[in-house]
Structure formats: structure tokens, C-alpha cells
Amino acid sequence: MASRGIRDRVAIVGMGCTPFGELWDKSVDDLLTDATVECVDSAGISLDDVDAFWLGTMGSGLSGLTLSRPLKIDYKPVTHVENFCATGSEAYRNACYAVASGAYDLAMAVGMEKLKDSGYSGLTGIRQVGDGTLAGLSSPAAFSFLVPAYAHKYGVDPDELKSVLTRIAWKNHRNGAVNPRAQFRKEVSTEKIASSPLVAGELGVFDCSGVSDGAAAVVVCRAEDAHRYTDTPLYVKGLSLVAGPAAGIIDPDYDYTSFEEVVRSAADAYHQAGITDPRAQLAMAEVHDCFTPTELVLMEDLGFAERGTAWKEVLAGTFDRDGELPVNPDGGLKSFGHPIGASGLRMLFECWLQLRRQAPPERQIAGVGEGGRTLGLTHNLGGGPGECVSFVGVVGSQLSD
Amino acid sequence: MSAGIVSWGVYLPYWRLERTAIGAAFGTATAKGTRAVASYDEDTTTLGAEAGRRALDVAGVPVPEDLFFSTPAPAYLDKTNATTIHAALGLPPGAGAYDLCGSVRSAWATMSLTALSGERRPSMAVISDLRTGLPGGAEESQGGDGAVAFVFAPEGGVAEVMGHASATDEFLERWRVPGETASRQWEDRFGEEVYVPAARAAFTDALQNAGLTIDDVDHLVVAGLHARAVGSLRRALGVPSDRVAPDYVARIGNLGAAQAGVGLADVLERGSPGQVVVVLELADGADAVVLRTTAALVAVQEERRKAGSIGVAALVDQGRADLPYAVFLTWRGHLRREPPRRPEPERPDAPAMRRNEGWKFGFSASRCVACGFVHLPPTRVCLSCRAVDRMEPLRLADVRGTVATYTVDRLAFSLSPPMVGAVIDFDGGGRYRGEMTDVDPEAVSIGTRVEMTFRRLYTAEGVHNYFWKARPLSDGAETGRGRRAS
């Protein structure tokens, strides 16, 4: 038994992505309609051509009807999936398998979330009261555990580490400032980031991703059919999703400086995609920067930096848009906010633009494409340190040899 | 060997309110000193559970077969509160648990009943009080919160009853209609006129009953919410002032129903064998009991020292007095503070609470008998060796731990933000991520030593959600309280 992957058997031939933000005038139905229409238009097809749908949303609707009702889908399979903050990627992963299996010719994955109607600050969970003993810690608090643990393990001065986290936020806002789809389209000074009011632990407001509404969609087909729809498809190289045993929450050996689920899903995805040196081989990565220390730790878990060194690489600009390996060139969750079901597909949308050199010139990553790097990575994490699900996907603009 | 008290435990909350903080808020002069304040996550049930834990956390104390709980401020009516304390103490289902709630006088009855029960089988009395009063009033500034527990057993008693007496009097001096947050009082001098003669009668009768005279009294404890009458009796009863036990009201306030018991515990901690102790309580009349300490007291005092028990006098010295008055008012429900823009917590589910009683109320983990790995909360499948259904329960409520990492959560819903979260590694194995309480966020670091404490997380739809939190060990407590992992 093994994870074999479906490298180069599935192609992405169309995508859509709404602007993300506090979309007071957009309903769930509006978001779904906007994303899917843009998606089918980009593939030059109509919604009728799609044979099966996967809808990812964590809390903005239940069942396939959430999609079929507004789009008037004609008696076709629509599957609702949920996998915490990896929900959008999970919809995409399942759609890929549907076409790879031969069961369908064209499948669509849609990710969507409408968060701002709740009126609350930050993310709120669904009802899970039970015996009432679950700790009521917020998400930023759960991720803030990483900060003292990382500083302690690697002997990083807390003030220095704060400046590392600040630089991550600064970089992602800088990238988002030139992205018209982002929720926040302004650069933010490091002084403002570092002095923002504390939310949890060392995390200030600017260390946290925003709360927003948004949707994104992708349509996939078998790789051999890709050129019926586009001259510039992307090929699915690797798809890995793991749910851990929630070991870190109960295991005293866990030290809060890594996500084992990410390490495992990255190894699986790299194996599927034939990647041996991600830092050298990837053209870009979209990672789950829900909080700044998450991105820091991910750089090590995804193999972009040696253990205990990511903080130096951040300061050196390695992951800037013009750095050695651009990370979150679209601005990340930091600039887009995090409409849960949509984020994974929003990341894929950036690969769709960048790897095909369709990003506007002011933010197109240099050296991507012919003769250069052709692979992009997306990563989602749902849950928190010690207990999470992790998705790592790799796409590329070229078929492998 | 005689029947009687074999152990006791006193719990005073971490917080103190400076009385001058009240005066500052109202622009008036106030008395000096501090009062003990139950935290936002404490009620009379949790205070009582903590006192009970302290009484049981000494080597050689028998497991109580009956538990009697008394408080004038019960967390629930209709539903028994003693069963919650029973569960928090991890007592066996065969042990009874009963409320005797009502007035301060109920506490006296609880002690008498438990003493009687203790002649036949180990029995525990838990007495708890949380004194509130309207803002700016004497009740608020002079009251105090705390709890005391006594274990009585057929053998090994540290004090035997020599005599007792009551002087019952039906008169309207202090009263409260159910649901009100403060009691009302008649004119102060009226109470004094009634109480002082009643107390003198009870005191005299009890001594006579015991065949003793006032000169035989080594320790006198006078308790009661009527400060004027109590003060008068302490001065004028005829017992020399150096034999009148301190009441600590200036430092912790008047603990109401728990005051007499705390006074007795203090005397037992300081006393020596063969001494005569009189406890006199003023509550709708007066009750007096005459005790003589036995030779067993020395060994019990030694066991308590070995267990690291903190005595009443030292507990009074502890506490943190920088509680802002507005926060105190919020905790007591007198000030409605703007809530965070987060969903309110929902009530827990009764069937789930019952299924998980050992975990929720007793902080009982599961240990894999195949490999020894400890799981919090308990699970059926072992994380370490994947053995299925090879678990045994392991109570970690009384085991200490160390902070592995921590955070200050300013976003999470809390009745008193910010919430402090921590990952705790227990001595001997087991990791838990939860909430801290009684904590200065600035003082937490990786390596901070903690103990568990039973708290009320919140109340939703009239359901009190009880569970455990971690709190930093108080100074000097590290030597004590052996693990009772069971």
C-alpha cells in the first residue's frame, strides 16, 4: 500500500477568484455565482459542460444544494466537503481524483466562505460544546504558542523574533498592496505592524490574517484533454492531505516548533511530484500564513529552510517576491483575509496566474516559465499546532519528462 | 483513640480587595485592610471543593463515606451541590453527598451532623461562603470569601467534644429573600442587644456541660456576621485576650458561614494536646461547643507539615491585593461590562457531562496499561502504542505540572479577560492544553510550576460549567501535597 499520486494525469484549464474583503453587498449565492462564472469563462466552457462539482465551505452552507440552488445545476453530482481551513484544497483534491479515475470528463471545485455576516471579531467555530471541557482558546492564541517555543528552542532573542514576525507581515502586505483582489491593498510599515495592539501572546493585530468573504473556483480535466480548453494549462503534480492523530496536544515530546502534519504532507506531495530540493525547484509557494509565526515555522516544515534557520532567511529576504523563493506573492492570508473554504483555491489561483505568466507586470515573478522554474506549491493548514490537517499541492506549467 | 476531627482544609481565594479602593471609587473614607475575593471563576461549590481537596491531601486521612455541604449562597437550588464536590474530590459512588444549605446557622448543624456521622464512619463537612453586599456598603467591604472542610472519623480524632449548648432565638436581624444579591440587616444595636446575652448563655452552659470553668479555656473562637456583638464578646466574655483566637477580619473579611470553621482550623494548627477550645457562633441565637485536643494532634500536625499544607495564618498572608474595584464589581455581577465581540459560550450537554464525569469533575486521565502513556482527556486508543481499550483511569487533579508553553489570549471569550492559556506537562507523564487562573500574565514563563484547581468556567442558560484550570504554585508550596494519582 502506498500513496502513488496522479502526476500529470490531471490538468487545470480554468479558474476564477472573486475579490476578497468585507463584501457587505455580496451574498453566499453571489460569491458562488461570481467565482464559477469567471471560472467557466476562463475555460471557454459553460456550466452545463461540467459533469460533477465539489463545494468546499466550512460554515456558509450545508449539502450540495448550497451550490446547485443558486447556479441552477441540472441534476448533477454536487458534493459538499469540509476539512477545516484546508476545505478549499480538499474540494480541489477530490475533483482531481474524479477526473483522474475516468468517472467524469470535467469537474469543478468551488471554495467559498461568507464570514463577515456574523458580526464577530475573528473566526468563530461551530457548536462543539459537549461536556464543556474544551479550552476556549482563540485561534491566534493556539498559534501564538509557537513564538516562545521557537525562541526558546533556537535561542532567538524575543525582540529579534518579533522583528522576524513583523517582516513576514510587512512582506505579505507589500505583495498584497499591488493585488487588486486582495482585501488589504496597502503597504504597512514595520513600525505600525510591530506596535499594533496585542491579540494573543506576542501576536499583534497585524500578525493575524484578516476576516473576509470570498470565493474561488477551478475546473479540471484529464491531462490529455487539456488543450481542448486552453493552450496554457497547469498540470497537477502532487496532492497530499493528512490528518494527524492530534499527538502534539497530548504528547509531552511535542515542542511547538513544527507541524508534523505539514512535514508528512510535504514529503508525500514532493514524492508524488518528483521534487527533491523544494527551495531550488519551486518557482513560488502560497502557504497558510494565518498568523506570522505559522509562516515562519512552515518555511522549515516545507523544507525551504533548515531547522532553526528560517528566521534568518526571513530577515535576509529569501522569501520576498524578488527573493530566492517567493512565498505568498499574492499577499497571502495576511492581505486576503481567510474566508476558510476559499483560501486553498485562492492560492491555486495565484499559481494559475504566475506560472502561466498572466500576472500583471508589476507583480509577475521574474524567471518563471521557459528555461526557469515551472512549479508552484500551495499549502493549507486547518486546526493548530499539535492537531491539524495539512494539504500540500504542487502544480506545474510543463509536463514532466 | 477517640472519634473526632482527623483532618481539615482551608481555602482562601487568591484575590484580595483593598477596602480603600471602594472608598476611592465613591469618594468616601473607608476602613483599612483587605477582604478575600472569590475570583470570577469561583463559586461556593468550587471554594468548597478546594477546601475539601486540602483536607484529603494529607497522608492517612480516611476516604469519607458521607459528605455534607453547607453554604448560604448555593450555586444551585434543587440540584445538589455536594455531588459536584463529591465528583471533584473523586469520592467513590458509595459515599453519600448532601446539601444542608440555608443560613449561616446551617453550617453549625452541618458540623454537628458530620461529627455524629463521624463516630460511625469517616465523614466530611464542607462549609463555604461567598459574601456579597451592595456596592459601597459595609457588607461588601467587611465580608470575605472562603471555605473550610473537616474530616471526622471513629478513631484518631485530634479533639473530643466535652460539651455543647445552644441558645436559639427567633428574631429578625439579618435576612435575604432568595435571588437577592445582598442581605438586609436591622439596626445594628438591636442585634447586639439580642446576641450578646444569647452568646453568654450558650458559652456558660457549654462550659458547665463540659464540667469546666472559664479559666480552663485555652482558645476561644468567636464567629458571627454581627461584627459589633462579636467584638463585644471577644472583649468582655472574660477570656483573656491572648486566649482569644485571631479572626483575621481585617485581612480577609468575615467569611460568614465558614468563619467559625476557619477559626477552629487555625487553633488546631497552632494548638497542643490537652487544650480546651471553645467555639462560639452567633447566628439567630448562639451555639457553643467545648473541645479538648488529644495526643493525636501532634502526629496530625506533623503529617500536615510533611504534606506541605499551608496553615490559616500563612494563607491569610498570601493573596494578591491589586484587584481593581471595578473588576470586583464586574465579577459579583454589580457592573455589566461591555463583552468582547465574540459569541457567548453555550451550555454544556448533560449526557456528555455525565459520560465524562471522571474527566470533567475529577480531572481523571487514562493511562495505557500496555505502555504507560497518559492521555488527557481519556481516550480508548493509545497514541503511543495504538492498543485499544487497554486504559485505566488516572486522576491528575492533585498532580503538579510544568508550563511547556503559554499565551495571553485577548480575543477569547472570558468573564475576566485576558484568558491565559498554557500547555502543561504533568509530573510522571501527561500533557494538557488549557486555561490558567489566579495568574499574573507577566509572571508566566516556560518552566512555571502549576497545580490544578477546580473552577466554574462560565454559566450559560443557568448551567454552571465546571472544570479544572492550572494555577501557579504558591510560594513555598513545592514541597508538599504528595501525588495521589489514583
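Everything quoted here is computed from the prediction, not taken from an experiment.

Undergrad: Can you help me understand the overall build of chain B in this one?
TA: If you tally the helices and strands in chain B, you get 14 helices and 21 strands. The dimensions of chain B, computed from C-alpha atoms along their principal axes, are 70 × 60 × 40 Å. Taking all 486 residues of chain B together, the buried fraction comes to 55%.

Undergrad: I tried to follow the overall build of chain A on my own but got confused; where do I start?
TA: Helix and strand counts for chain A stand at 14 helices and eleven strands. Relative to the 2.2 N^0.38 estimate, which gives 21 Å for 401 residues, the radius of gyration of chain A is 20 Å and therefore close to what a compact globule would have. Referenced to the eigenvectors of the C-alpha coordinate spread, the extents of chain A come out at roughly 55 × 50 × 45 Å. Here chain A holds 401 residues, and 60% of them are scored as buried. Restricting to contacts in chain A with at least 6 residues of sequence separation, those with at least 24 account for 78%.

Undergrad: I tried to follow the domain arrangement of chain A on my own but got confused; where do I start?
TA: How big an interface is tends to be stated in terms of the accessible area lost upon association of its parts. All names here are of chain A. Split by domain assignment, chain A resolves into domain 1 (10–117 + 213–228) and domain 2 (139–210 + 234–396). Between domain 1 and domain 2, the C-alpha centre-to-centre distance is 24 Å. Domain 1 puts 35 residues into the contact, and the matching count from domain 2 is 33 residues. Contributing elements (two or more residues each) for the side of domain 1 that touches domain 2: β1 (10–17), α3 (87–100), β4 (106–113) and β7 (214–222).

Undergrad: Looking at this model, I keep getting lost on the domain arrangement of chain B. Mind explaining?
TA: Residues and elements named next belong to chain B. For chain B, the assigned domains are domain 1 (4–331) and domain 2 (360–472). Put simply, the middle of domain 1 and the middle of domain 2, counted by C-alpha atoms, are 31 Å apart. Taken together, the 18 residues of domain 1 in the interface contact 16 residues of domain 2. Secondary-structure elements contributing two or more residues to the side of domain 1 that touches domain 2 are α2 (44–56), α3 (82–88) and α12 (325–331).

Undergrad: Looking at this model, I keep getting lost on the pairing of strand β5 (residues 96–99) of chain B. Mind explaining?
TA: The side chains of a regular strand alternate between the sheet's two faces. Residues and elements named next belong to chain B. Burial along β5 is one-sided: the residues A97 and D99 are buried and none of G96 and Y98 is. Sheet topology note: the strand β4 (residues 66–70)/β5 ladder contains four bridges and is parallel. Paired with L67 across the two strands is A97, which belongs to β5. Each parallel crossover has a hand, and for β4 linked through α3 to β5 it is right-handed.

Undergrad: Can you help me understand the packing of helix α6 (residues 188–210) of chain B against helix α7 (residues 227–236) of chain B in this one?
TA: Working note: a packed helix pair is described by the angle between its axes plus the distance between those axes. All names here are of chain B. With their axes 8 Å apart at the nearest point, α6 and α7 run at an angle of 40° to one another. By the criterion of interaxial angle, the relationship of α6 to α7 is oblique. For the crossing formed where α6 meets α7, the hand is right-handed. The residues of α7 that touch α6, namely those facing D188, G191, E192, Y195, V196 and A199, are R228, A229, S232 and L233.

Undergrad: Mind showing me how you'd approach the interface of chain B and chain A here?
TA: Across the boundary between the two partners, chain B contributes 38 residues, which contact 32 residues of chain A. When contributions to the side of chain B that touches chain A are tallied by element, the ones reaching two or more residues are α13 (350–355), α14 (357–360), β17 (401–409), β18 (419–426), β19 (431–436) and β21 (463–472) of chain B. The class makeup of the residues in the side of chain B that touches chain A is 20 nonpolar, seven polar and eleven charged.

Undergrad: I'm lost on the pairing of β4 of chain B in this one. Help?
TA: Residue and element names in this part refer to chain B. Among the five residues that make up β4, five are buried, leaving the element largely enclosed by the rest of the structure. Of the two faces of β4, both are covered, the one formed by D66, F68 and S70 as well as the one formed by L67 and F69. With five bridges connecting them, β4 and strand β6 (residues 123–130) associate as parallel partners. Each residue of the ladder has a partner; that of L67, found in β6, is M124.

Undergrad: Can you walk me through the environment of T453 of chain B in this structure?
TA: Residue and element names in this part refer to chain B. Locating T453 in the fold gives a position in strand β20 (residues 449–460). Under the C-beta neighbour-count criterion, T453 is labelled buried, with 23 such atoms within 10 Å. Between the alpha carbons of T453 and F363 there is a distance of 9.7 Å; along the sequence they are 90 residues apart. Those residues in contact with T453 that sit more than four places away from it in its chain are E50, T437, W468, K469 and R471.

Undergrad: Help me out: how do you make sense of the environment of R181 of chain A in this one?
TA: Relative to the assigned elements, R181 of chain A resides in the loop between α6 (158–176) and α7 (190–194). The exposure class assigned to R181 of chain A is buried, which follows from the 21 C-beta atoms found within 10 Å.

Undergrad: What is the right way to look at the nonpolar core in this model?
TA: Here is a general trend for soluble globular proteins: nonpolar side chains tend to be buried in one another's company. Judged by nonpolar contacts, the single largest core of 277 residues is most densely connected at V110 and V218 of chain A. Not counting residues up to four positions away in its chain, the partners in contact with V110 of chain A are L32, A35, T36, F53, L55, G56, L67, A91, A215 and A217 of chain A.

Undergrad: Quick question: what am I supposed to make of the packing of α6 of chain A against helix α11 (residues 292–301) of chain A here?
TA: All names here are of chain A. With their axes 9 Å apart at the nearest point, α6 and α11 run at an angle of 95° to one another. Between α6 and α11, the angle falls in the class roughly perpendicular. Across the interface between the two elements, V164, L165, I168 and A169 from α6 touch T292, P293, E295 and L296 from α11. A breakdown of the residues in the contact of α6 with α11 according to their chemical character gives six nonpolar, one polar and one charged.

Undergrad: Explain the environment of N328 of chain A here, please?
TA: Residue and element names in this part refer to chain A. By the element assignment, N328 lies in the loop between α12 (310–316) and α13 (332–336). Placed 320 residues apart in sequence, N328 and D8 show a C-alpha to C-alpha distance of 24 Å. Those residues in contact with N328, other than ones at most four positions away along the chain, are N172, N175, E286, V287 and D289.

Definitions and limits used
- Residues numbered from 1 in each chain as written.
- Chains lettered and ligands numbered in written order.
- Predicted model: local features only at pLDDT ≥ 70, side-chain atom pairs only at ≥ 80, totals over all residues.
- Helix = DSSP H or I, 4+ residues; strand = E, 2+ residues; numbered from the N terminus.
- Buried ≥ 20, exposed ≤ 12 C-beta atoms within 10 Å, placed from the backbone.
- Rg over C-alpha atoms; globule rule 2.2 N^0.38 Å.
- Contact = placed C-beta atoms within 7 Å.
- Domains from an automatic or database assignment.
- Pairing = 2+ DSSP bridges.
- Right-handed = clockwise from strand over helix to strand, strands pointing away.
- Axes fitted to C-alpha atoms, helices over the stretch in contact; angles between N-to-C directions.
- Parallel < 35°, antiparallel > 145°, perpendicular 65-115°, else oblique.
- Left-handed = near helix turned anticlockwise from the far one by under 90°.
- Nonpolar A, V, L, I, M, F, W, Y, C, P; charged D, E, K, R; others polar.
- Core = buried A, V, L, I, M, F, W, Y, C linked by C-beta atoms within 7 Å.

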